[in-house]
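Spelled out from the first residue to the last, the chains are:
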Amino acid sequence: MTCLVVGTGGREHALARALSLDPGVRAVHCAPGNPGIAAVATLHEVDPMDGEAVADLAESLLVDLVVIGPEAPLVAGVADLVRARGIAVFGPSGAAAQLEGSKAFAKDVMEAAGVPTAAAMVCSTPVEVQAALDAFGPPYVVKDDGLAAGKGVVVTLDRDVAVEHAAQCERVVIEEFLDGPEVSLFAICSWDPEVGATVYPLQPAQDFKRIHDGDEGPNTGGMGAYTPLPWAPADLVDEVLRDVLRPTVEEMAARDMPFTGLLYAGLALTSRGLRVVEFNARFGDPETQPLMALLDSPLSPLLMGAATGTLASVEPPRWKDGAAVAVVVASAGYPESSSKGDVIHGLVDAESLPDVHVIHAGTAMVERAVVTAGGRVLAVVGTGGSLSEARDAAYAGVAAIEFEGAQHRTDIAARAAAGEV
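In this text the structure is predicted, and so the values were computed from the model without any measurement.

How each quantity is defined
- Counting from 1, residues in each chain are numbered in the order their sequence is written.
- The predicted nature of this model means local features are confined to residues of pLDDT at least 70 and side-chain atom pairs, given and counted, to a pLDDT of 80 or more, with totals for whole chains, interfaces and linings taken over all residues.
- By convention in this description, side-chain values take in all heavy atoms of the structure and omit both hydrogens and water.
- Only Phe, Tyr and Trp rings take part, Trp by its six-membered ring, and two of them pair if their centres are within 6.5 Å. Stacked means planes under 30 degrees apart, edge-to-face means over 60, and tilted covers everything else.
- Helical segments are the DSSP runs of H or I of at least four residues, strand segments are the runs of E of at least two, and each set is numbered from the N terminus.
- Only protein chains enter the accessibility calculation, which uses a 1.4 Å probe. A residue is then buried if its area is under 20% of the maximum for its type, exposed if over 50%, and partly exposed in between.
- Salt bridge, as applied in this entry: a Lys or Arg side-chain nitrogen positioned within 4 Å of an Asp or Glu carboxyl oxygen.
- In this description, strands pair whenever DSSP reports at least two bridges between them.
- Between N-to-C directions, angles cover 0 to 180 degrees, with each direction set by a line fitted to C-alpha atoms, over the stretch in contact for helices.
- For this analysis, residues touch if any pair of their heavy atoms sits within 4.5 Å.

(A) How the structure looks around the packing of aromatic side chains. A full pass over the atoms with the stated rule returns four aromatic pairs. Taking the centre distance of 5.3 Å and the plane angle of 55 degrees together, the rings of phenylalanine 186 and tyrosine 264 count as tilted. Here the residue phenylalanine 186 occupies a position in strand β10 (residues 182-192), and tyrosine 264 occupies one in strand β16 (residues 261-270), the gap between them amounting to 78 residues. Comparing phenylalanine 186 with tyrosine 264 shows no difference in burial state: the two are buried. Arranged with centres 6.1 Å apart and planes meeting at 80 degrees, the rings of phenylalanine 186 and phenylalanine 283 form a pair that is edge-to-face. Within this pair, whereas phenylalanine 186 is found in strand β10, its partner phenylalanine 283 is found in the loop between β17 (273-280) and α10 (288-294), the two being separated by 97 residues in sequence. Classification of phenylalanine 283 as buried rests on a relative accessible area of 2%. Here the aromatic cluster, defined as three or more aromatic residues joined through ring pairs, consists of Phe90, Phe186, Tyr264 and Phe283.

Shown next, in the form of C-alpha cells:
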C-alpha cells in the first residue's frame, strides 16, 4: 500500500521508518516531515492542520492509508475531513480525540466507564482553584484542560506555583497526587458494531518527563524512554486491558463517538492500585521510538485494520526479544525556550554504530547542513539483548553527536537496567 504520515516530529519519523521497512508498503509520503524523514519518505509541504489540503494530497498520491501523528490535527478534526473523501485514516475523529483535547472530558468518560483514576475537580475561576487546592493538599497537581504539548502539567509543593499555573490556563483540572512509578501503555483500537471493540495493547514503556537527571527540573515533552519494563507486574497489560482500555473504547462507542486509532494510557502504579494519569489519542513521543524499534510485526496491517474496523482479523502485534532505549538530545534553553539554526555534527557517525539509529524531531536543512529547529532535536535509539546493552548503544550514539548547547539526560533506563524500579 501507499501511506501518508502527517506531522513533523520524532513520532512521525519513527512511524515512517517502520512503514518504510514494512514489506506490505510500496511507498511512504510525509507532510510536511523533516530532514530525517526525508531518508525514508517523500516529503510534501502541506500544513498538518489544513484538513482539506491533507485530503487533497492524499487523493493526488492515491494514498491507501493516512496516519495522523500529532494531537492538534486530530483534535481539530483533520481525520474527519480525510475520511469524508473515502480514504482510510489511522487516528480518531475530532469528537473522539477529545479524550486528549480535554482532560475534563476524559475524566467524565473514565467515571462513566468505571476506570480507576485520580479524584479531580474542574476549575474555571480563582475561587474554584483555591477550593480544589484546599481539598487535595500538597503535592499540588494542576493540569491545563486543553492541549499543551506535554508541558501543561505542574506538580509542586509550592502553592503559589500551583496558583500561578492555574491562572495561565482558561480551565484546569486539579487532582489528587498519585504516588508510585508511571507506565505508558499504548493500544491500537478499532470499533465495529457487529464485532465490538478490538484492542491490541503494545508492550509497556516508560518515559522521562523532567529535563534533568534524577527527575529534577521542569516538565518537558519527554527526554527519553525505554521498553520493556522488567520490573512491571506480569499481569499489568491484562489488568489495563480489562479495567482501562476496553471499558474506555466501549464507553466512547456508547456515546456515539467510536474511538479508532491509538489510545495511550498514562498510568501510575500507586500504593492503592492502578490509576490512569491521562489519556492521549495518538502515539506518544518519545515512547514510540523504542517501541517501533522492537516491533516484530509489520506495522501497516495493524494501522489499516484499526482504520477500517477490521482489526479483529489482523494478528496481534509481536515483539522482538531484547530491549530498546531512546535518549532525547535537546537544544539550548529547552524547555523554557529553544535554540534554532545550530549545525548538528556526527549524525552519520552515530547512524554507523551497531544497533543505533537516530530519529529526527526538531531539525531543518539549511544549505545542505542539518540544523536544530526545535526544543527536542533528536532521539538516539539503541537496541540490545538487555536494557544495559541498549543503553550502552544509545549513549554511544549520543556521544557521537554534537551541536552548540546540546543537552541530554544521562540516566534514561539506568535504574531499570540495574534491576530497580
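Still more ground to cover, so stick around.
(B) Representation of the pattern of salt bridges within the structure. Counted according to the given criterion, the structure contains 21 salt bridges. Arginine 159 is the salt-bridge partner of aspartate 134, the closest N and O atoms lying 2.9 Å from each other. With aspartate 134 in helix α7 (residues 126-136) and arginine 159 in helix α8 (residues 159-167), the pair connects residues that are 25 residues apart, well separated along the chain. Classification of arginine 159 as partly exposed rests on a relative accessible area of 24%.

(C) Just the sheet that holds strand β21 (residues 363-366), in detail. Judged by pairing direction, the sheet is antiparallel, and its three strands sit side by side in the order β19-β22-β21 without closing on themselves. What marks the edges here is a single partner per strand, and that holds for β19 (340-343) and β21. Ignoring which end each strand starts from, the neighbouring axes of this sheet average 40 degrees apart. The pairing of β19 with strand β22 (residues 369-373) spans two bridges and is antiparallel. Among the inter-strand pairings, lysine 340 is bridged to a residue of β22, identified as alanine 373.

(D) Spatial organisation of the environment of glycine 180. Take glycine 180: it is sitting in the loop between β9 (172-175) and β10. Sequence separation of glycine 180 and threonine 270 is 90 residues, and the distance between their C-alpha atoms is 4.5 Å.

(E) View of the sheet that holds strand β15 (residues 224-227). Spatial strand order, β12-β15-β18-β23-β20: five strands in an open sheet with antiparallel pairing. With one partner strand each, in any of the chains shown, β12 (206-207) and β20 (356-360) form the two edges of the open sheet. Sheet analysis places β20 next to strand β23 (residues 376-384), joined by five bridges and oriented antiparallel. Bridge assignment links valine 356 to a residue of β23, and that residue is glycine 382. Along the sheet, helix α13 (residues 387-399) contacts β15, β18 (323-330), β20 and β23; its crossing angle with β23, the most-contacted strand, is approximately 140 degrees.

(F) The arrangement of the pairing of β20 in detail. Within β20, five of the five residues are buried, which leaves the element mostly enclosed by the surrounding structure. Neither face of β20 is open: one carries Val356, Val358 and His360, the other His357 and Ile359, and all of them are buried.

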